[in-house]
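# Structural characterization, general
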Amino acid sequence: MSMRALVVILLAVLAGCSVGPDYVRPTAPEAPAYKELDGWKVAEPQDDVLRGAWWERYDDPDLSALEERVVVSNQTLAAAEAQLRQARALVGASRSSWYPNVTVGVSASRSKQSSNLGSSQFGGGRYDTDLVMPLSISWEADVWGRIRRAVESSEDTAAATAADLASTQLSLQSELAIDWFTLRTLDSQRQLLDETVKVYERTLTLTRNRLASGVVSRADVVQAETQLESTRAQSIDVGVQRAQLEHAIAVLVGEPASTFSIPFAPLHGEPPPVPVGLPSELLERRPDIAAAERRVASANAEIGVATAAYYPTVTLSATGGFQSGDIAKWLVWPSRFFSVGPAVTQTVYDGGLRASQSDQARATFDATVADYRQSVLTGFQEVEDALSSLRLLAEEDRVQARAVAAAEESVKITTNQYTAGTISYLSVVIVQAAALSNRQTYADIRGRRLEASVRLIQALGGGWDISQLPDAP
């Protein structure tokens, strides 16, 4: 019976128990469907889902080549990857507490006692030599699960850091795509302004000829010159904005702005269809939400670590080796020594330290739960924002196309009337300015539609899935 009791006690000590609450994923607000999906054209086939290389949906080889360079050369992403390696190293450091700590060393000392310490016949003034070669082993029995909770916390933190890396990559690649489409929109604006400059040059020539014929006054020529030079200035200003975007893209792909350039090319293409899915899937597809959830799990484990501090610490230790005062007799069997034994320590009074640490751990847990729920709400908001932008911009695109057609027809009619001498040149200036403004607005809407589609893909997680996390729950 004594042996059985000893075995049971030993197994209980080795198996231990983990104090503190077991983790349960906190509830988060959900919706049965996206409100802004009304009127949304569902992607075909309907079972299609976003994949990793989501930018390939835009069918732009130049954009795809730049997106691939972000993963390789972006320094912000490199820093996030280093932080992931650091988090993984901390997991290894936490797991090392499961195993014994073994140390070995060699020491030698030569000492002389005071000659005034007793009489010489009793050792006063004696020289002593101490040669020691110890081997020490100590192991903390994880009786209350403190080490297990600490490892659990570090593993969850590493998983959150991996999700942070995915979130950073998605953010940078989305930023690149948005900058790319904005730059191409500026190229379209530049092309439009350059074409308009040519039209205004022909109009100025016509006005000068009419002035020479005495049909119009000098005021008409001045108005035509003002309109032409103002449009040229707008074209130059577009170049300034384009250069800044080009420099921003250079930083994103890890190249000095001085050596990076993007050839001129107007915007083309339509926003691709994007599979939206269900709101409930968003919790599994957004890396920032997954990171927030893993931090909740890590904070929950830290409560267990703080709770374990209330219980005794059980340590098993052993020390052995060779010790002698004579080097000739140092490594012989009679010079051996050893000590083996367990130790149990319990903090009796700490001035409220453990209580404060426990309160801190629980407050941190509550904060991470709130952050997680806020991340979910923000995710739903971003999807709804992108859906509404795409839907409304598509409608605005159709209306603006009709406005452009009407403005161009107005320019033709007004120009013919001016050529016939029935109206003043001021009327021509007014309708030409309106036509240019409408065409610029139309080009801007096309770019904003593509940017909104990128933001929708980013809001949906960009093809990422929680299964990509290490040690996913």
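What counts, and at which threshold
- Residues numbered from 1 in each chain as written.
- Predicted model: local features only at pLDDT ≥ 70, side-chain atom pairs only at ≥ 80, totals over all residues.
- Heavy atoms only, no water.
- Helix = DSSP H or I, 4+ residues; strand = E, 2+ residues; numbered from the N terminus.
- Buried < 20%, exposed > 50% of the residue type's maximum accessible area, 1.4 Å probe, protein only.
- Areas by Shrake-Rupley, 256 points an atom, 1.4 Å probe, with all protein chains shown as cover.
- Salt bridge = Lys/Arg side-chain N within 4 Å of Asp/Glu carboxyl O.
- Phe/Tyr/Trp six-rings, centres within 6.5 Å; stacked < 30°, edge-to-face > 60°.
- Lys NZ or Arg CZ within 6 Å of the ring centre and 35° of its normal.
- Axes fitted to C-alpha atoms, helices over the stretch in contact; angles between N-to-C directions.
- Parallel < 35°, antiparallel > 145°, perpendicular 65-115°, else oblique.
- Contact = heavy atoms within 4.5 Å.
- Nonpolar A, V, L, I, M, F, W, Y, C, P; charged D, E, K, R; others polar.
- Patch = residues over 30% accessible without salt bridge, like charges linked within 9 Å, V, L, I, M, F, W, Y side chains within 5 Å.
- Core = buried A, V, L, I, M, F, W, Y, C linked by side-chain atoms within 4.5 Å.
- Pairing = 2+ DSSP bridges.
- pLDDT = per-residue confidence, 0-100.
- Expected span 1.5 Å × (residues − 1).
- Arc of directions from axis to C-beta.
- Polar contact = N/O pair within 3.5 Å; in protein donor to acceptor, adjacent residues only side chain to side chain.
- Left-handed = near helix turned anticlockwise from the far one by under 90°.

## Topic: the overall build of the protein
A count of helical and extended segments in the protein gives nine helices and five strands. If you list the helices and strands of the protein from N to C, you get α-α-α-β-β-β-α-α-α-α-β-β-α-α. With respect to the principal axes defined by its C-alpha atoms, the protein has extents near 140 × 55 × 40 Å. In the protein, which comprises 473 residues, the share counted as buried stands at 38%. Surface accessibility of the protein: about 25,800 Å² in total, with carbon and sulfur atoms responsible for 57%.

## Quick notes on the pattern of salt bridges
A side chain with one charge may pair with a side chain of the opposite charge, provided their charged atoms come close. Inspection of the entire model under this criterion finds 29 salt bridges. Ionic pairing is found between Glu201 and Arg232, a salt bridge with its closest N-O pair at 2.7 Å. Of this pair, Glu201 sits in helix H4 (residues 146-212) while Arg232 sits in helix H5 (residues 218-252), and the two are 31 residues apart along the sequence. Given a relative accessible area of 31%, Arg232 falls into the partly exposed group. For Arg354, the salt bridge identified is with Asp350, shortest N-O distance 2.7 Å. Owing to a relative accessible area of 12%, Arg354 belongs among the buried residues under this scheme. Linked by salt bridges that have partners in common, Arg25, Asp156, Glu284, Glu293 and Arg294 make up one network.

## Points about the packing of aromatic side chains
Tallied over the full model, the rule gives four aromatic pairs. The ring of Trp180 is capped by Arg184, whose NZ or CZ atom sits 4.4 Å from the centre of that ring. When the ring centre of Tyr418 is taken as origin, the NZ or CZ atom of Arg210, which lies over that ring, is 4.7 Å away.

## Some details on the packing of helix H3 (residues 75-95) against H4
Across the interface, H3 lies against H4 with an axial gap of 9 Å and an inter-helix angle of 170°. Regarding the angle of H3 to H4, the classification is roughly antiparallel. Mapping the contact onto sequence places Thr76, Leu77, Ala80, Glu81, Gln83, Leu84, Ala87, Arg88, Leu90, Val91, Ser94 and Arg95 in H3 and Ile147, Ala150, Val151, Ser154, Glu155, Ala158, Thr161, Ala162, Leu165, Thr168, Gln169 and Leu172 in H4. Its residues assigned to classes, the contact of H3 with H4 shows 13 nonpolar, seven polar and four charged.

## What to know about the environment of Ser375
Inspection of the secondary structure puts Ser375 in helix H8 (residues 353-420). In sequence terms Ser375 and Arg286 are 89 residues apart; their C-alpha atoms lie 9.6 Å from each other. Those residues in contact with Ser375 that sit more than four places away from it in its chain are Ile289 and Ala292.

## Overview of a nonpolar patch on the surface
Taken together, the side chains of Val102, Val104, Leu135 and Ile137 make up a nonpolar region of the molecular surface, amounting to roughly 350 Å² of accessible area. At the level of elements, strand E1 (101-104) and strand E3 (127-141) are the ones that each hand at least two residues to the nonpolar patch. By secondary structure assignment, the location of Val104 is in strand E1. Since its relative accessible area comes to 67%, Val104 is described here as exposed.

## Things to note about the nonpolar core
Grouped together as the largest cluster of nonpolar side chains are 82 residues, with contacts concentrated most on Phe181 and Leu460. Counting residues per element, the ones that place at least two in this core are helix H2 (61-73), H3, H4, H5, helix H6 (282-285), helix H7 (287-308), H8 and helix H9 (425-459). Broken down by element, the residue count for this core peaks at 19 residues, all from H4.

## A few points about unusual backbone geometry
Unusually for a residue other than glycine, Asp59 sits at a positive phi of about 55°. Relative to the elements of secondary structure, Asp59 occurs in the loop between helix H1 (2-15) and H2.

## Some words on the pairing of E3
Where E1 and E3 come together, four bridges link them in antiparallel fashion. The residue of E3 that forms the bridge with Val102 is Ile137. The pairing of strand E2 (residues 107-112) with E3 spans six bridges and is classified as antiparallel. Looking at E3, one finds that Ala108 is bridged to Leu131. Here eleven bridges tie E3 to strand E4 (residues 313-324), and the two strands are oriented antiparallel to one another. Across the sheet, the residue bridging to Ala141 is Val314, located in E4.

## Some thoughts on the confidence of the model for the protein
In the predicted model, the protein carries a mean pLDDT of 88, and 92% of its residues have values of at least 70. A low-confidence stretch, residues 43-47 (pLDDT under 50), is modelled with three contacts involving residues beyond four sequence positions or located in other chains.

## Focus: H3
In this model, H3 (21 residues) spans 31 Å end to end at C-alpha, consistent with the 30 Å of a helix rising 1.5 Å per residue. Those residues of H3 lying buried are Leu77, Ala80, Leu84, Ala87, Val91 and Ser94. Seen from one end, H3 has its buried residues packed into an arc of 90°, which puts them on one side. Residues of H3 that are exposed and angled more than 90 degrees away from the buried face: Gln75, Gln86 and Ala89. N-capping of H3 is provided by Asn74, with a side-chain oxygen placed 3.0 Å from the backbone N of Thr76.

## Observations concerning the environment of Ser94
Structurally, the position occupied by Ser94 is in helix H3. On a C-alpha basis, the gap between Ser94 and Ser358 in space is 20 Å, while along the polypeptide they are 264 residues apart.

## Some details on the packing of H4 against H5
Running from amino to carboxyl end, H4 crosses H5 at an angle of 165°, the nearest separation of the two axes being 8 Å. Judged by the angle between their axes, H4 and H5 are roughly antiparallel. Here H4 runs over H5; the crossing is left-handed. When grouped by side-chain class, the residues that make up the contact of H4 with H5 number 18 nonpolar, ten polar and 14 charged.

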